[in-house]
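Summary of structural features
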Amino acid sequence: MILELKENTPHGTKEYPYDQYFIHHVRQTFQFPVHWHDEFEIIYIKQGLLHVSIHEQDYTGSAGSIFLVNPRELHLMDSSDLSVAYYTLLFPLEFISFQSIDELETTLFQPLRSGQLVFEHAISDTSVADKLCPLLEEMITMNQKDAPMRQIGTRILLLQFFQQILEIPSLIHPALGNGTNMQKELLAFIQSCYTDKITLQDLARQFHLSEKYISRYFKEHFYLTFSDYVNHLRLTHAKRLLETTELSITEIALRSGFSNVSYFIRTFKTCYGNSPLKYRKAVPSRQLYTK
């Protein structure tokens, strides 16, 4: 099963660009497919086992594990543990930067924003994690309750979070290049045309590679097949159309890249547990627009 990816939508708001998601009570094995975004992301596991892949490095986390995803790093999460529960906290690094051009800005925040400096992905030192978990718990609770002055409180807690990490010099280092440019180019091409007919042959022709190589590359680097990834993009697009328009199910299927409406309905139900029509009826207070 591929769950919805919170991509191509803003995290937080312009007024408050912080957001958090709680993934729990999963019904079956799931995967958030490989993706990237401009925000910094903190993954905090509450219970169960979660596989995390960041920048082509694989980790398995359990309760209390913390992972850091630097801006624009490719990453994915998946689990076959139905008891897994974890938070993702997302925010742009500008959220905790300062306008003054001082030493902290020039030696830390600006290099982090530009990708010259990056944090280690896994907080393996339990003594550090023990200090970070209470800060994350307080931050999560503050934003669940929409507490007064939560913007100031969240900023303070994030700065304290980074302060604890920076006390361990090995947890931050200059960025090192690797082969993720090709991965991003592959995904960007697919994302630009997934609502049209797209095949492995199209991808192979675009990148001057064999279909067999592309197929194997997908499985090795993204942990899912090419067709699964395309279906994920199409289903996410269809779900958004169900939530925000009054288009017919047939029109939504076609606009999302499904030429066979029956196949679209079956695939949607497998992924989300309801048919497209039942899902639309269950969406509270849909924000509709007309063309």
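Scroll up to find the structure.
Okay, so let's go over this structure. (Residues numbered from 1 in each chain as written. Predicted model: local features only at pLDDT ≥ 70, side-chain atom pairs only at ≥ 80, totals over all residues. Heavy atoms only, no water.)

Quick word on the overall build of the chain
Cut-off, in case you're wondering: The secondary structure listing takes helices from DSSP runs of H or I that are at least 4 residues long and strands from runs of E that are at least 2 residues long, numbered from the N terminus. With a 1.4 Å probe rolled over the protein chains alone, any residue whose accessible area is under 20% of its type maximum counts as buried; one over 50% counts as exposed, and the rest are partly exposed. Contacts were defined at the residue level, with two residues in contact if any of their heavy atoms lie within 4.5 Å. Here, Shrake-Rupley sampling with a 1.4 Å probe gives the accessible areas, and only protein chains in the shown set may cover a residue. When charges are tallied, Lys and Arg are placed among the positive residues and Asp and Glu among the negative ones, while His and the ends of the chain are skipped. Charge placement uses NZ in Lys and CZ in Arg. For Asp and Glu, CG and CD serve respectively.
Summing up its helical and strand segments, the chain has 10 helices and 10 strands in all. When its C-alpha atoms are laid out on the principal axes, the chain stretches across 55 × 45 × 40 Å. When burial is assessed residue by residue, the chain has 48% of its 291 residues classed as buried. For the chain, contacts bridging at least 24 residues in sequence account for 72% of all contacts bridging at least 6. Surface exposure of the chain reaches about 14,900 Å², of which carbon and sulfur atoms provide 52%. In the chain, 27 positive and 32 negative side-chain charges are present, and the distance between their average locations comes to 12 Å.

Looking at helix α5 (residues 200-207)
Applicable threshold: By construction, the arc corresponds to the directions joining the helix axis to the C-beta atoms.
Listed in full, the buried residues belonging to α5 are L203, A204 and F207. Along the long axis of α5, the arc covered by the buried residues comes to 100°, so they all point the same way. Of the residues flanking the end of α5, it is H208, one or two places downstream, whose phi is positive at about 55°.

Comments concerning the sheet that holds strand β1 (residues 19-23)
Note the following rule: For two strands to be treated as a pair, DSSP must find at least two bridges joining them. Every axis in this analysis is a line fitted to C-alpha atoms, fitted for helices over the stretch in contact. Angles between the N-to-C directions lie between 0 and 180 degrees.
The 4 strands are arranged β1-β8-β3-β6 in an open sheet whose pairing can be described as antiparallel. A strand with exactly one partner marks an edge of an open sheet, and here the two such strands are β1 and β6 (66-69). For this sheet, the mean inter-axis angle between neighbouring strands, taken without regard to orientation, is 15°. Bridging between strand β3 (residues 40-47) and strand β8 (residues 85-91) involves 7 bridges; their strand directions are antiparallel. Each bridged residue has a counterpart across the sheet, and for I45 the counterpart in β8 is Y86. Sheet strands touched by helix α2 (residues 126-144): β1, β3, β6 and β8. Its angle to β3, the strand with the most contacts, is close to 100°.

What to know about the sheet that holds strand β2 (residues 30-35)
The strand order across the open sheet built from 4 strands is β2-β7-β4-β5, with neighbouring strands paired in antiparallel fashion. Strands with a single pairing partner mark the edges of an open sheet, and in this sheet they are β2 and β5 (57-61). Sheet twist, expressed as the mean angle between neighbouring strand axes with direction ignored, is 15°. Direction of pairing for strand β4 (residues 50-54) relative to strand β7 (residues 75-79): antiparallel, over a ladder of 4 bridges. When the sheet's bridge partners are listed, I54 is paired in β7 with H75.

Focus on a nonpolar patch on the surface
Inclusion rule: A patch consists of residues exposed above 30% relative accessible area that lack any salt bridge, with like charges linked at up to 9 Å and nonpolar side chains (Val, Leu, Ile, Met, Phe, Trp, Tyr) linked at up to 5 Å. The salt bridge definition used is simple: a Lys or Arg side-chain nitrogen within 4 Å of an Asp or Glu carboxyl oxygen.
Together, F98, L104 and L159 make up an exposed nonpolar region whose accessible area comes to about 230 Å². Locating L104 in the fold gives a position in helix α1 (residues 103-114). Residue L104 is classed as partly exposed on the basis of its relative accessible area, which comes to 38%.

Remarks on the environment of H221
Secondary-structure assignment places H221 in helix α6 (residues 211-222). Owing to a relative accessible area of 23%, H221 belongs among the partly exposed residues under this scheme. Distance from H221 to Q183, taken between C-alpha atoms, is 8.2 Å for residues 38 residues apart in sequence. What H221 contacts, discounting residues up to four positions off in sequence, is E56 and Q183.

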